[in-house]
Amino acid sequence: MSTNLEQQADDTMMCCASCGTAEVDDIELKTCTACKSVRYCSIKCQKEHRPQHKRACKKRAAELRDEILFRQPESTYEGDCPICCLPISLDKTKSTLMTCCSKIICEGCEYSYDMRVHSAGTQHQNRRKKR
């Protein structure tokens, strides 16, 4: 059933949304610049179909705009922090090279590591005083 729907969508994209003229060698269909989901054979057809298409066009254009605005970069060229898996900042002052493993970690994980080392050192000193 899904292949039938896909076929219908492909057929719709290959003909004018207003008059139904199919795309052939001598007729080139132009895509709606806002939503990119329908095609027209002429400006006349586009203007005639506008009242039916307007609401869906605005909705789809907003979805496309949101996809572009909220797209997250995959990663930086520095890669991801091996601890928290967030992208390493391009600012070199916000990351540290760990000499023990030669891995670059982010500022947050470095802070966490420093706090853990500091608290472990304090606990070790407290144990010495109790003896």
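Residues numbered from 1 in each chain as written. Predicted model: local features only at pLDDT ≥ 70, side-chain atom pairs only at ≥ 80, totals over all residues. Heavy atoms only, no water.

Q: Give me the lowdown on the nonpolar core, citing residues and values where you can.
A: For soluble globular proteins, nonpolar side chains are generally found buried alongside one another. One finds Cys16, Leu29, Cys32, Cys35, Val38, Tyr40, Cys45 and Cys57 forming the largest nonpolar core, which totals eight residues. Those residues in contact with Tyr40 that sit more than four places away from it in its chain are Cys16, Ala17, Ser18, Glu28, Leu29, Lys30, Cys32, Cys45, Gln46, His49 and His53. Cys81, Ile105, Cys106 and Cys109 belong to the second-largest nonpolar core, a separate cluster that totals six residues. (Core = buried A, V, L, I, M, F, W, Y, C linked by side-chain atoms within 4.5 Å. Buried < 20%, exposed > 50% of the residue type's maximum accessible area, 1.4 Å probe, protein only. Contact = heavy atoms within 4.5 Å.)

Q: Could you give an account of the pairing of strand E4 (residues 103-106), naming the residues involved and the relevant values?
A: Strand direction decides the pairing type here: strand E3 (residues 95-98) and E4, joined by four bridges, are antiparallel. If you follow Thr96 over to E4, its bridge partner there is Ile105. As consecutive antiparallel partners, E3 and E4 are separated by four residues, and within that stretch Ser102 has a phi angle of approximately 60°, a positive value. (Pairing = 2+ DSSP bridges. Helix = DSSP H or I, 4+ residues; strand = E, 2+ residues; numbered from the N terminus.)

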